[in-house]
Amino acid sequence: MKLPDKNKKLMRVFQISILCIFISSLVACINQSSPLSPADEQDRQHFMEATEKANEWATFSNALTEKTQGGTKPLSENDINEVKEHLPLLKSAIDHARSVSDSFLERVHPELKMKWHVHKIGGMEGEYRYLDLAFYHPEKIQDLSLSELDQLNGHYIRAFTSMTAWWDWSEENHKQLEEGIKNLAPH
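What comes next concerns the included structure. In this text the structure is predicted, and so the values were computed from the model without any measurement. (Residues numbered from 1 in each chain as written. Predicted model: local features only at pLDDT ≥ 70, side-chain atom pairs only at ≥ 80, totals over all residues. Heavy atoms only, no water.)

Another point: the overall build of the protein. Scanning the protein for helices and strands turns up 8 helices and 0 strands. Counting helices and strands in the order they occur from the N terminus, the protein gives α-α-α-α-α-α-α-α. In the protein, which comprises 187 residues, the proportion classed as buried is 41%. When contacts within the protein are restricted to residue pairs at least 6 apart in sequence, long-range pairs at least 24 apart make up 78% of them. (Helix = DSSP H or I, 4+ residues; strand = E, 2+ residues; numbered from the N terminus. Buried < 20%, exposed > 50% of the residue type's maximum accessible area, 1.4 Å probe, protein only. Contact = heavy atoms within 4.5 Å.)

In structure tokens, the structure reads:
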């Protein structure tokens with residue numbers, strides 16, 4: 001039986017909420033790992049901050065998605081103000097995620113570096129650019145041609161697809177990620 005689009009979106013919100021719980025436990029594993037080198041400690045801190053801020057943003061975004069019934073109801077003025085209030089979380093998550101070294105990511109899991117950069121950071125950046133334009137510079141959107149609007153929407157869809165790929169991959173590989181973090185050896 002094919003689910004209506006609204007149900008698919010709500011199911012995805014539920015899956016992401018569950019994954020946020022997993023990511024929080026992953027961060028707890030980082031806290032319990034053996035003493036790290038100063039560089040690894042700095043990477044660990046950025047990894048944790050990126051994860052926590054992305055989770056906060058996802059929690060807010062999921063609640064807004066539910067409130068607007070999967071985007072079928074328009075945003076109120078209060079909703080718009082809340083998005084503007086919460087959008088810096090996404091920017092902070094991006095900044096912290098970009099600060100994690102490649103060597104740290106590679107030692108946690110062999111695929112993490114590529115997934116982190118392409119899907120996690122790429123997805124967050126695409127979502128941020130779209131929302132920043134929509135909520136802080138709507139006048140720029142009004143001046144776009146139909147083909148430019150299609151292109152902008154395509155960028156947002158690719159960002160969402162990248163984030164979905166990140167959530168799916170990290171959910172699929174959570175045991176290996178936990179082990180990789182637990183086994184970080186000072187170098």
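Summed over all chains, the structure comprises 6 aromatic pairs. A centroid spacing of 4.9 Å and a plane angle of 15 degrees characterise the contact between Phe47 and Trp116, whose relative ring orientation is stacked. Of this pair, Phe47 sits in helix α2 (residues 38-67) while Trp116 sits in helix α5 (residues 112-136); the two residues are 69 residues apart in sequence, bridging distant segments of the chain. For Phe47, a relative accessible area of 4% puts it in the buried group. Relative to Trp169, the ring of Trp166 lies with its centre 5.8 Å away and its plane at 35 degrees, an arrangement referred to as tilted. Taken together, the positions of Trp166 and Trp169, both in helix α7 (residues 146-172) and 3 residues apart, correspond to about one turn of that helix. Taken as a pair, Trp166 and Trp169 share a single burial class, namely buried. Each member of the aromatic cluster is reached from another via a ring pair, and the members are Phe47, Phe104, Trp116, Trp166 and Trp169. (Phe/Tyr/Trp six-rings, centres within 6.5 Å; stacked < 30°, edge-to-face > 60°.)

As a further point, take the packing of α2 against α5. Their axes nearest at 13 Å, the elements α2 and α5 cross at an angle of 45 degrees. Comparing the axis directions of α2 and α5 gives the class oblique. Like other packed secondary-structure pairs, α2 and α5 cross with a definite hand, here left-handed. Along the contact surface, α2 presents Phe47, Ala50, Thr51, Ala54, Trp57 and Ser61, while α5 presents Leu112, Trp116, Lys120, Met124, Glu127 and Leu131. Here the contact of α2 with α5 is built from residues that sort into 8 nonpolar, 2 polar and 2 charged. (Axes fitted to C-alpha atoms, helices over the stretch in contact; angles between N-to-C directions. Parallel < 35°, antiparallel > 145°, perpendicular 65-115°, else oblique. Left-handed = near helix turned anticlockwise from the far one by under 90°. Nonpolar A, V, L, I, M, F, W, Y, C, P; charged D, E, K, R; others polar.)

Looking now at the pattern of salt bridges. Two side chains that carry opposite charge are able to pair once their charged atoms sit near each other. All chains considered together, the criterion is met by 8 salt bridges. Residue Arg44 pairs with Glu41 through a salt bridge whose shortest N-O separation is 2.3 Å. Taken together, the positions of Arg44 and Glu41, both in helix α2 and 3 residues apart, correspond to about one turn of that helix. Accessibility expressed as a relative area gives 10% for Arg44, which makes it buried. Glu41 gets classed as partly exposed once you look at its relative accessible area, which sits at 30%. Among the salt bridges present, the one from Glu49 reaches Lys53, with a minimum N-O distance of 3.7 Å. Taken together, the residues Glu49 and Lys53, both in helix α2 and 4 residues apart, mark about one turn of the helix. Several salt bridges converge on common partners, so that one network encompasses Asp102, Glu106 and Lys113. (Salt bridge = Lys/Arg side-chain N within 4 Å of Asp/Glu carboxyl O.)

This next bit is on the environment of Glu111. Topologically, Glu111 is positioned in the loop between α4 (102-108) and α5. You can call Glu111 partly exposed: its relative accessible area is 38%. Each C-alpha atom, one on Glu111 and one on Trp169, is 9.7 Å from the other, the two residues being 58 residues apart in sequence.

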